[in-house]
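Analysis of the macromolecular model
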Amino acid sequence: MALFRPRLIKVSLLTNACLIAYFCLEKFSVHESCSQIFTLSLSHHHWDEANSDIQLSRNTAPYDLERNEFSLQVPRPSDDTTVNSNKLQVKQEVTEHLHASGISNGAPDPPPLSLEKKMFPDFRGCASRPSLPIQSQHGEYWILENYIPADLSFRCDESITYTTHGEYAHLDNIETITSRWQGPVSIGLYAPGGDFNIATSIIMYLRDCRTESIRKYVAFHLIYHTDYIPEKIPTTEELMGRKMNCSADPPNWMNVTSYRRQKGLVYPINVARNVARSMATTYFVFPSDIELYPSVNFIPEFLEMLKKPDVSNTTQPRVYVFPIFEVEENSLPPKTKEELIKMLDSKHAIPFHERICKPCHNIPHSEEWRVDTVKPGLSVFKVSRREGSFKSWEPFYVGTHGEPLFDERLSWEGKSDKHIQ
């Protein structure tokens, strides 16, 4: 499994030849069947940088809030508020034929010696919660949680939520993400001032006129600064009652200077990341960037892997990591490890940020994984530590809500926004 970035844009791909990992801050292990990033740790575990495991897979490559009902008039927070915590040209060839396998309901209990029983004993007994439209205050920001909800809901134990962030200029990626992921997606969308109504128009157009998977799977949580409140905020009911004219020209959001950029506002990337993850209703989550396209069939493969015995002899926290690759602008992301290797050999694909920050995404044992025989399913490949030449590694991973949130003091403009986490 792997993450891939077309046009040297990030994308991830799950196949029986991807790279996965349990990543516990210091140790890393690779799984044989997929190359994507995943972290797993129980909420009762305490992180210890010296005693945390990472596992890579063989075939994979990629708060407390004050809550109120939505209203048309949004008040500004008081001064003593406490902080609680680039283009729509998606190739149809990618989205039309990539469909992940469905999630089976009522799965039998895993074997007693399984990874799930050992590391995630509360997985099957997790509490599912509804996705309700709620307004909450988050420091300097207002959050409209589940402002535009997904049509489908999932039990906490039947899927994995892809959580991500962005602005309206990034929404061109949603169609490809949903067609490949085929599971719940949670997006924290920053839309201050005049960006708000543009964002909602684009979202409604994508839901009504592009692909059914966006309506089915994606929950949009809108975020704006308390000093830049939109002039009009429709209720969720009003938005859901709108009907888009799909025969008319689509909203224009390419090559447009956003309100945020006009005002010189910072992009609160880690606020948006944390909102998206906190709103996920599933036990397992995949905090990702919106330009990272996930591997096909990852969700059922991962849940099946949990039924297998654990390859490690510890119960230390771990996460599952996606290696990431960049793909040339005019190339489609590969669907299998064999295709990926050919693209790497021909230089049509490269490891992510190889020319910008190679240590940030240099995966332990990646060369061994590259030549390893492709095998069906998802399984552990290697275990290693995040140390030495890999101490600057910034993995993307699947984990649980027990992993640390992102440091909200950091913004996109300041860079290194993931490194502390």
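Just so you know, these numbers come straight off a predicted model, no measurement behind them. (Residues numbered from 1 in each chain as written. Predicted model: local features only at pLDDT ≥ 70, side-chain atom pairs only at ≥ 80, totals over all residues. Heavy atoms only, no water.)

**Some words on the overall build of the chain**
Counting its regular elements, the chain contains 11 helices and 18 strands. When each of the 421 residues of the chain is scored for burial, the buried share is 58%. Surface exposure of the chain reaches about 17400 Å², of which carbon and sulfur atoms provide 48%. (Helix = DSSP H or I, 4+ residues; strand = E, 2+ residues; numbered from the N terminus. Buried < 20%, exposed > 50% of the residue type's maximum accessible area, 1.4 Å probe, protein only. Areas by Shrake-Rupley, 256 points an atom, 1.4 Å probe, with all protein chains shown as cover.)

**Here's the deal with the pairing of strand β9 (residues 141-148)**
Judged by how many residues are buried, β9 sits mostly within the fold: 8 of 8 residues are covered. By the bridge criterion, 5 bridges tie strand β8 (residues 134-138) to β9 in an arrangement that is antiparallel. Bridge assignment links S136 to a residue of β9, and that residue is I143. (Pairing = 2+ DSSP bridges.)

**Structural notes on the pattern of salt bridges**
For the structure shown, the criterion picks out 15 salt bridges. For R260, the salt bridge goes to E167, with nearest N and O atoms at 2.5 Å. One end of the pair, R260, is in helix α7 (residues 259-263); the other, E167, is in the loop between β10 (160-166) and α3 (174-181), and 93 residues separate them in sequence. Judged by relative accessible area, which is 4%, R260 ranks as buried. (Salt bridge = Lys/Arg side-chain N within 4 Å of Asp/Glu carboxyl O.)

**Brief notes about the packing of aromatic side chains**
Two aromatic rings are characterised by how far apart their centres lie and by the angle between their planes. Per the stated rule, a full pass over the model turns up 21 aromatic pairs. Judged by centre distance (5.4 Å) and plane angle (90 degrees), the ring pair of Y162 and F286 falls under edge-to-face. Taken together, the residues span a long stretch of sequence, with Y162 in strand β10 and F286 in strand β13 (residues 284-287) at a distance of 124 residues. Each member of the pair, Y162 as well as F286, carries the same accessibility label: buried. Judged by centre distance (6.0 Å) and plane angle (20 degrees), the ring pair of W181 and F298 falls under stacked. Of this pair, W181 sits in helix α3 while F298 is found in helix α9 (residues 298-305), placing the two residues 117 residues apart along the sequence. Through a chain of ring-to-ring contacts, three or more aromatic side chains come together here, namely F120, F123, Y162, W181, Y283, F284, F286, F298, F302, Y320 and F322. Sitting over the ring of F406, R273 keeps its end group 5.0 Å from the ring centre. Above the plane of the ring of W369 lies K337, whose end atom (NZ or CZ) is 4.3 Å from the centre. (Phe/Tyr/Trp six-rings, centres within 6.5 Å; stacked < 30°, edge-to-face > 60°. Lys NZ or Arg CZ within 6 Å of the ring centre and 35° of its normal.)

**Quick word on the environment of G188**
Structurally, G188 can be placed in strand β11 (residues 185-190). Here G188 falls in the buried class, since its relative accessible area comes to 0%. Other than its neighbours up to four places away in sequence, G188 contacts T164, H165, G166, H221, I223, A272 and A276. (Contact = heavy atoms within 4.5 Å.)

**A closer look at the state of the cysteines**
A complete count under the given rule lists 2 disulfides for this structure. The partner cysteine of C126 in its disulfide is C156, sulfur to sulfur 2.0 Å. Judged by the sign of its S-S torsion, about 100 degrees, the cystine formed by C126 and C156 is right-handed. With a gap of 30 residues between them, C126 in the loop between α2 (115-119) and β8 and C156 in the loop between β9 and β10 connect regions that are remote in the sequence. The same class applies to C126 as to C156, namely buried. (Disulfide = S-S within 2.5 Å.)

**Side note on unusual backbone geometry**
Phi is positive for N146, which is not a glycine, with a value near 50 degrees. Following the sequence through the fold, N146 ends up in strand β9. Although it is not a glycine, H365 sits at a positive phi angle of roughly 65 degrees. By secondary structure assignment, the location of H365 is in the loop between β16 (349-351) and α11 (366-371). On the accessibility criterion, H365 (26% relative accessible area) is partly exposed.

**Topic: α3**
Among the 8 residues in α3, 8 count as buried, and that is most of the element. Among all positions in α3, only I174, E175, T176, I177, T178, S179, R180 and W181 are buried. Among the residues trailing α3, Q182 stands out with phi positive, at a value near 55 degrees.

**Some points on the environment of G166**
Following the sequence through the fold, G166 ends up in strand β10. Given a relative accessible area of 0%, G166 falls into the buried group. Separated by 103 residues in sequence, G166 and I269 have C-alpha atoms that sit 7.7 Å apart. Among residues more than four places away in sequence, those in contact with G166 are G188, L189, Y190 and Y267.

**A few points about the nonpolar core**
Soluble globular proteins tend to pack their nonpolar side chains together in the buried interior. Among the nonpolar cores identified, the biggest contains 56 residues, and F120, L171, F220, L222, F284, F302 and V398 are the most heavily contacted of them. A per-element tally of this core places helix α4 (residues 195-209) first, with 7 residues. Residues in contact with F220, not counting those within four places in the same chain, are L144, N146, Y147, I148, L171, I187, I203 and I214. Counting 11 residues, the second largest nonpolar core, distinct from the first, contains Y141, Y190, L265 and M279. (Core = buried A, V, L, I, M, F, W, Y, C linked by side-chain atoms within 4.5 Å.)

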